[in-house]
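Single-letter residue listing:
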Amino acid sequence: MNTSSRLLANWVILGLTLTFLIGPFLIIILAGASDTSYLAFPPEGLTLKWYLKVFTVESFRASFLLSMALAVFGTLAALLLGVPAAYALNRYALPGAETIRTIVAAPIIVPGIIVGLALLRYLVVPTGVTVTLALFMAHTALVLPYAVRVVSSSMHNLRADMEEAAVLLGCSRLQAFTKVVLPNIRGGVLAAFILGFVTSFNQVPVSLFLSGPGVRTLPIDMLAYMEITFDPSVAALSALLAFMSLAIVFVAERLLGFSRYV
Amino acid sequence: MSDTFVQLSDVTLMYGKSVAVPDLDLSIREGELICLLGPSGCGKTTTMRAIAGLLDPASGSIHIDGRDVTRVPANKRGIGLVFQSYALFPHLNAFENVAFGLRLQKLPEAEIRERTEAGLATVGLTGYDKRKPAEMSGGQQQRLALARSLVMKPKVLLLDEPLSNLDARLRLEMRTELQRVQKETGVTMVFVTHDQAEALALADRIVLMKEGKIEQLGTPADLYARPETAFAAEFMGFENIFRVEGTKAVTDSGALELGFAPASPLLAWRPDGVSVGSGPHQGRVLATSFAGAHREYVLDTALGPVKADAAIELPEVAIGETLSFDLPEATARPLSA
Ligand SMILES: Nc1ncnc2c1ncn2[C@@H]1O[C@H](COP(=O)(O)OP(=O)(O)O)[C@@H](O)[C@H]1O
Ligand SMILES: [Mg+2]
């Protein structure tokens, strides 16, 4: 292949990639702006009223807050478990470290719908745990593998002798962790948080079975809304959420080169 | 000078169920530069970690400055360690790396500043305060690691192969640098290396280790001239070591009449102790190389290969030709089995 046709091929591939990445996003933005009472693409006439309507739907507001809280606290809990786990897996030649890694990764491998059903059938029903608590646990478990994986990779180059050096300079083991390990994996922890947040926030299958009266995550609520009302506000909401995720990733990339850790 | 400052008594060091260092006794004097020398895996790092408190002895005791520190945790022992990898803190600049330990002691800011600046100056890093370790050369990182330990005024400063990551020229430079710092500060230094030339050049005393045990301990001059075992002799450059039977030198390949009756079971010669150009024995030249002040030969003899240095004035003998040589009594070093 000569240079110019190779260049052309590169452009074509780049173009296709961008189309498949950005295309759906554009479709959603436009569909949400359609001046029709039903979801339509291409949009017929343009309006912002569906974008505004999103903010007036009571159940969206409640489920948005629930999803936010789940994403924030579920991810924080996952980090609280995941950072020490990643540390232990990296630092010590634990017997069965590989098995532990596999178990930690299980929620990624097992279909979410099964995780959700299992939690409902064997946790919520027999023990009477509230759905909110079950959701929190499910989201924590779901995010944990990402937390362990991302934090692990940022810890990988951190040699144990750095902590020993800190100890010899007077640190306790805990101080060595907070003064030497944590500052050096800060970027990884933040990246894990963002990845976990987005994963949790957009989660559908696990949350599907875990809803109760007035307790629904936003994606589930949107599904429910669509079953009854087929207006473009769902598309508008999706577009707004996509913008939110984009903004978070953009800020993260700007602040600490997020892409290095994922 | 000769009072014991660090005393290891009957110290056994283990990793899990395997013994790395059995029953070690070692005393280190105040203000001396002592060198742990030995091949990779002989327990140098392990011994050092035990002194620092990073590894608890399975049995035995460690005293420092008259105090039993066997159960004192590493962060309370007041010992400095310069790691082979330097182990600098990558998120802190040079100043903060050096100030790290002082800050932990919650000293007044002015004192921290003063001592840190002084520490950086001692190792010739004045003006590098703001550099991150990643922005410094290997030699500078080495100095920084040294300064970070020195500012703590440690009772003992341990250095684990501190020069092994530097190139040859820098290594020589840092050698003199280390000696200067030790003279200036008077700190007791334990220096680990597997490089015999480094040990000979730096140390007040050398501890030669083999498989976790002390093979021989003495001044560089002592060890260089009077190794006691085949292992020590080999380490000190006695490249020709033979068994003795009556008046013969013997190897698995054959025997050679020495013309004298040694009292020791083994004899060793340095290459420059083998006389070449004349003598009762013949060897075929296997390899030859020019080494500046002399010429090095490997001879194929009745004993197998013999290494010999010839004066540069002697005409070169080509590979395959024969050369006469002698193993003189005067340069023979008797060794115990
Ligand atoms: N963390 C460890 N776990 C198990 N064995 C070790 C460990 N570190 C060192 N050893 C073993 O202990 C012995 C001494 O090692 P070391 O003190 O590191 O030697 P040196 O520093 O002289 O090269 C070696 O046989 C080595 O394999
Ligand atoms: Mg070592």
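Residues numbered from 1 in each chain as written. Chains lettered and ligands numbered in written order. Predicted model: local features only at pLDDT ≥ 70, side-chain atom pairs only at ≥ 80, totals over all residues. Heavy atoms only, no water.

**With respect to the nonpolar core**
Counting 117 residues, the largest nonpolar core has Val151(A), Phe89(B), Phe100(B), Leu146(B) and Leu158(B) as the members making the most contacts within it. Looking at this core, the element that brings in the most residues is helix H8 (residues 173–201) of chain A, giving 8 residues. There are two domains that each give this core at least three residues, and those are domain 1 (4–227) and domain 2 (238–335) of chain B. Setting aside anything within four residues of it in sequence, one finds Leu158(B) in contact with Met48(B), Ile51(B), Ala52(B), Ile79(B), Gly80(B), Leu81(B), Val82(B) and Val190(B). Core analysis: the next-biggest nonpolar cluster, separate from the first, contains 22 residues, Tyr297(B), Ala310(B), Val317(B) and Leu327(B) among them. (Core = buried A, V, L, I, M, F, W, Y, C linked by side-chain atoms within 4.5 Å. Buried < 20%, exposed > 50% of the residue type's maximum accessible area, 1.4 Å probe, protein only. Helix = DSSP H or I, 4+ residues; strand = E, 2+ residues; numbered from the N terminus. Domains from an automatic or database assignment. Contact = heavy atoms within 4.5 Å.)

**Overview of the interface of chain A and chain B**
On the chain B side, the residues contacting the 17 residues of chain A number 19 residues. Carbon and sulfur atoms supply 70% of the area that chain A and chain B bury against each other, a total of about 1,600 Å² over both sides. Three residues stand out in chain A for area buried against chain B, namely Glu164(A), Leu168(A) and Leu169(A), and they jointly supply 43% of the buried area on that side. In this structure, the connection of chain A to chain B is made through 1 salt bridge. With a shortest N-O distance of 2.8 Å, Arg49(B) and Glu164(A) are connected by a salt bridge. Inspection of the chain A/chain B interface yields 5 residue pairs in polar contact (both at pLDDT 80 or more). Of all the secondary structure elements, the ones that give two or more residues to the side of chain A that touches chain B are helix H7 (160–168) and H8 of chain A. Across the side of chain A that touches chain B, the residue classes tally to 9 nonpolar, 4 polar and 4 charged. (Buried area = accessible area lost by both parts, 1.4 Å probe. Salt bridge = Lys/Arg side-chain N within 4 Å of Asp/Glu carboxyl O. Polar contact = N/O pair within 3.5 Å; in protein donor to acceptor, adjacent residues only side chain to side chain. Nonpolar A, V, L, I, M, F, W, Y, C, P; charged D, E, K, R; others polar.)

**Concerning the site of ligand 1**
Residue and element names in this part refer to chain B. Ligand 1 sits among Tyr15, Ala20, Pro39, Ser40, Gly41, Cys42, Gly43, Lys44, Thr45 and Thr46. Contact between ligand 1 and Lys44: an oxygen atom at 2.9 Å from a main-chain N or O atom of the residue. Between ligand 1 and Thr46, the relevant distance is 2.4 Å, taken from an oxygen atom to a side-chain nitrogen or oxygen of the residue. Look at ligand 1: alone it shows 560 Å² of surface, and the protein chains cover 55% of it. Its residues assigned to classes, the shell around ligand 1 shows 4 nonpolar, 5 polar and 1 charged. (Near = heavy atom within 4 Å. Areas by Shrake-Rupley, 256 points an atom, 1.4 Å probe, with all protein chains shown as cover.)

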